[in-house]
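Each chain, letter by letter, is given below.
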Amino acid sequence: LAGEHLKSPPCIEDDRRAMSSLLRLGRPRVGRAAAWRLSRRGDRTAGRTSDMGTDRERFREHGERRLDFIDEVLVECPRCQECAVHRPVGPVEDRPGAMIFAPRRLVCSSCGYTKDWAERSLVGLSSTEPFDDYFELPIWLQERCGGEVIWAYNERHLSFLESYLGARLRERSADPEHGWSSRSMASRLPAWMKKASARDDVVRALSKMRAKLRRTQ
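Quick caveat, the model's predicted, so the values are computed rather than measured. (Residues numbered from 1 in each chain as written. Predicted model: local features only at pLDDT ≥ 70, side-chain atom pairs only at ≥ 80, totals over all residues. Heavy atoms only, no water.)

1. Focus on the pairing of strand S3 (residues 83-88)
Residues in a regular strand project their side chains so that they alternate between the two faces of the sheet.
So, point 1. Of all six residues in S3, five are buried, a share of seventy percent or more.
So, point 2. In this sheet, S3 lies alongside strand S2 (residues 73-76) in antiparallel orientation, the contact comprising four bridges. Among the inter-strand pairings, Leu74 is bridged to a residue of S3, identified as Val85.
So, point 3. Once S2 ends, the chain turns through six residues before running back antiparallel as S3, passing Gln81 with a positive phi of about 65°.
So, point 4. Bridge count between S3 and strand S4 (residues 104-107): four bridges; the pairing is antiparallel. Of the residues in S4, the one forming a bridge with Arg87 is Arg105. (Buried < 20%, exposed > 50% of the residue type's maximum accessible area, 1.4 Å probe, protein only. Helix = DSSP H or I, 4+ residues; strand = E, 2+ residues; numbered from the N terminus. Pairing = 2+ DSSP bridges.)

Here it is, written out as structure tokens:
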């Protein structure tokens, strides 16, 4: 009948209520902690970046290089030993290698220390030691790990290490510009850092670095 609101017969409504009750009784209860873990699992599946408090199951590398993270470098101030930062001064040309040799300025917001850099060469750019390539100062974000040292230039660099080293499954894909290359940062990380047996120690070290960064900010 057009325009009329049709109701289900009483027997059908009773059956629906009974089925709803059975479903509620049969549904497993999920505690708050378990619900939180399930929600975080969904975040990981979606590929969202998170702190190392929660493991990521999978990470896909896209050929990121160490030089991709030198736009901002956190170092130890030579005057007050607090966190200082250096960045390129002015705009950087859009060409390969321009970021590397762009003039830089080191600034410490704690004591006001400043220093400029405008050289034509970098001696330590290929080094894996936790020292800055420009002003030769200790990297601010560093932590001892199993007799070695793990370090990061800045928050983006730390996030990459957290995601890559914290993942149980690591995948590679070709860089859109350079294709397959052994110069990617992931391929050049020390072998000890990528061992499954060292994963828990590495995760703890990265968590300490993350906590230090939060205190700095």
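2. A short note on the sheet that holds S2
So, point 1. Within the open sheet, the four strands sit side by side as S2-S3-S4-S5. Their pairing is antiparallel. Of all strands in the sheet, those bounded by a partner on one side alone are S2 and strand S5 (114-117). Each strand of the sheet is rotated relative to its neighbour by a mean of 25°, with strand direction disregarded. (Axes fitted to C-alpha atoms, helices over the stretch in contact; angles between N-to-C directions.)

3. Observations concerning the nonpolar core
So, point 1. Core analysis: the largest hydrophobic core is formed by 42 residues, its most contacted members being Ile150, Leu165, Val202 and Leu206.
So, point 2. When residues of this core are traced back to their parent elements, those giving at least two are S2, S3, strand S6 (141-145), strand S7 (148-152), helix H3 (155-166), helix H4 (185-188), helix H5 (191-194) and helix H6 (199-216). (Core = buried A, V, L, I, M, F, W, Y, C linked by side-chain atoms within 4.5 Å.)

4. Some details on the packing of aromatic side chains
So, point 1. This model, assessed by the stated rule, comprises four aromatic pairs.
So, point 2. A centroid spacing of 5.8 Å and a plane angle of 55° characterise the contact between Phe69 and Phe160, whose relative ring orientation is tilted. Of this pair, Phe69 sits in the loop between strand S1 (58-61) and S2 while Phe160 sits in helix H3, placing them 91 residues apart in sequence.
So, point 3. For Phe69, a relative accessible area of 5% puts it in the buried group.
So, point 4. Aromatic side chains Trp151 and Tyr153 sit 5.1 Å apart centroid to centroid with 70° between the ring planes, which places their arrangement in the edge-to-face category.
So, point 5. You can call Tyr153 buried: its relative accessible area is 1%.
So, point 6. Connected via pairs of aromatic rings, a cluster forms that spans Phe69, Phe160 and Tyr164.
So, point 7. Here the basic side chain of Arg104 rests over the ring of Tyr134, its NZ or CZ set 4.4 Å away from the ring centre.
So, point 8. Taking the ring centre of Trp140 as reference, the NZ or CZ of Lys212 above it sits at 4.1 Å. (Phe/Tyr/Trp six-rings, centres within 6.5 Å; stacked < 30°, edge-to-face > 60°. Lys NZ or Arg CZ within 6 Å of the ring centre and 35° of its normal.)

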